[in-house]
Amino acid sequence: MLYYKIFSHSVSKEWVVFIHGAGGSSAVWFKQLKDFREKYNLLLIDLRGHGKSADLPQAIYNEEYTFEGVTTDVIEVLDHLNLPPAHFMGVSLGTIIVRQLAELERWRVKSLVMAGAVTRLTTQSRVLVFLGSTFKRVIPYMWLYKLFAFVIMPRKQHSESRNLFVREAQKLCQKEFIRWFQLTKDINPLLSYFKESDLGIPTLYVMGDQDVMFLEPVKKIIKTHKHSVLNILKKCGHVVNVEKPEEFNQLSLAFLKKQI
């Protein structure tokens, strides 16, 4: 089973489940813990091959990775804990996983908070995916990951987020990176389906105005998903919960309060 960590609340019955992005770990949520622990029970999960889940004997899977398979890992933890319906929070590629979870088992999801959401691959991101696919077996994966991190988070004020993800990605091995990277071929068909399928789940998107690769597609999706709202943080890049934690926490907690 995946590594997970629980922060229990003495009174609250509400749960918030945190899912990180590719190459990261639950450490990406460290600036949320203090504020969220005051009001909710928290569950943080390290995805397969990431963070402390990388240390598990079963972390290296033989079968080809799919978004459904990676999401099923998360559901296994929820079943193990007998977790009630909860609020799910994802960042970057983690937003795809929590959205997939909502597709598979809608009853588990009270609401979604999507930080730096990935809802469509732009031309720029498709070029990155092509380069990665071409060179992933011949170039050390950290070279590729550092390139991706710099393109997605290029500015000086993005450096904390960029360095955090690079640091966590160093815990991956080359084979694990390749398995995760191969998921990119499934992203566009899956995201196209998500765009057409409005589950009616209350959803908060929090994006940075400097997130040039992913902001515009989110602006389009909220026009048709009537239960979704978008907040854009000024002078902020892709990993909004790290770059602007106070604003992100305030917006997210206010949104969650409305869902209870």
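Throughout this document, residue positions are counted from 1 along each chain, in the order its sequence is written. Where totals are concerned, whole chains, interfaces and linings use all residues; where local detail is concerned, this predicted model gives features only for residues with pLDDT of at least 70, and gives and counts side-chain atom pairs only at 80 or more. Values reported for side chains reflect all heavy atoms of the structure, with hydrogen atoms and water molecules removed beforehand.

Caption draft 1: Broad picture of the sheet that holds strand β1 (residues 4-7). Paired strands, as defined in this entry, are two strands with at least two bridges between them according to DSSP. Helical segments are the DSSP runs of H or I of at least four residues, strand segments are the runs of E of at least two, and each set is numbered from the N terminus. The strand order across the open sheet formed by seven strands is β1-β3-β2-β4-β5-β6-β7, and the pairing between neighbours is mixed. Each end of this open sheet is capped by a strand with a single partner; those strands are β1 and β7 (228-233). For this sheet, the mean inter-axis angle between neighbouring strands, taken without regard to orientation, is 15 degrees. The sheet contact formed by strand β2 (residues 15-19) and strand β4 (residues 86-91) spans four bridges and is parallel. Following the sheet pairing, V17 is matched in β4 by F88. Only the stretch in contact is used when a helix axis is fitted, and all axes are lines through C-alpha atoms; the angle between N-to-C directions ranges over 0 to 180 degrees.

Caption draft 2: Spatial organisation of the packing of helix α2 (residues 67-81) against helix α3 (residues 94-104). The geometry of α2 relative to α3 is characterised by a closest axis approach of 9 Å and an angle of 75 degrees between their N-to-C directions. One way to sum up the angle between α2 and α3 is to call them roughly perpendicular. Contacts from F67, E68, V70, T71, V74, I75 and L78 of α2 reach α3 at I96, I97, Q100, L101 and L104. Ten residues, namely Ala, Val, Leu, Ile, Met, Phe, Trp, Tyr, Cys and Pro, are considered nonpolar, four, namely Asp, Glu, Lys and Arg, are considered charged, and the remaining ones, Gly among them, are considered polar. Class assignment of the residues belonging to the contact of α2 with α3 gives a composition of nine nonpolar, two polar and one charged. Angle categories: roughly parallel below 35 degrees, roughly antiparallel above 145, roughly perpendicular from 65 to 115, and oblique for all the rest. Between two residues, a contact is recorded if the distance between any of their heavy atoms is within 4.5 Å.

Caption draft 3: Focus on α2. Between the first and last residue of a helix there are one fewer steps than residues, each counted as 1.5 Å, and that sum is the expected span. Taking 1.5 Å of rise per residue, the 15 residues of α2 would be expected to cover 21 Å, and the 22 Å separating its terminal C-alpha atoms lies within 8% of that figure. In the segment just after α2, N82 is the residue with positive phi, at about 55 degrees.

Caption draft 4: Structural view of the nonpolar core. Joining through side-chain atoms within 4.5 Å is the link that ties buried Ala, Val, Leu, Ile, Met, Phe, Trp, Tyr and Cys residues into a set, and such a set is a nonpolar core. A simple rule labels every residue: compare its accessible area, found with a 1.4 Å probe on the protein chains alone, to the largest value its type can have, and call it buried under 20%, exposed over 50%, or partly exposed in between. The biggest cluster of nonpolar side chains holds 36 residues, and the ones touching the most others in it are V17, V74 and F88. Put simply, the parts of the chain that give this core at least two residues each are β2, β3 (41-45), α2, β4, α3, β5 (109-115), β6 (203-208) and α9 (215-221). It is α2 that provides the largest number of residues to this core, a total of six residues. Look past the residues within four positions of F88 in its chain and what remains in contact with it is V17, L78, V98, L101, R108, V109, S111, L112 and V113. In terms of nonpolar packing, the next biggest core, distinct from the first, is built from 25 residues, V16, L44, L204 and C236 among them.

Caption draft 5: Main features of the packing of aromatic side chains. Stacked, edge-to-face and tilted labels apply to pairs of Phe, Tyr and Trp rings (six-membered ring for Trp) whose centres lie within 6.5 Å, assigned for plane angles under 30 degrees, over 60, and everything in between, in that order. Applying the stated criterion across every chain, the model contains two aromatic pairs. Each ring, one from F18 and one from F36, has its centre 5.7 Å from the other, and the planes form 80 degrees; the classification is edge-to-face. Of the two residues, F18 is situated in strand β2 and F36 in helix α1 (residues 33-37); the sequence distance between them amounts to 18 residues. For F18, a relative accessible area of 0% translates into the label buried. On the accessibility criterion, F36 (0% relative accessible area) is buried. Three or more aromatic residues joined by ring pairs form one cluster here, namely F18, W29 and F36. Criterion for a charge above a ring: Arg CZ or Lys NZ at most 6 Å from the ring centre, at most 35 degrees from the ring normal. Above the ring of Y65, the side-chain terminus of R48 is found at 4.4 Å from the ring centroid.

Honestly, that's just the spatial picture; any functional story needs more than this.
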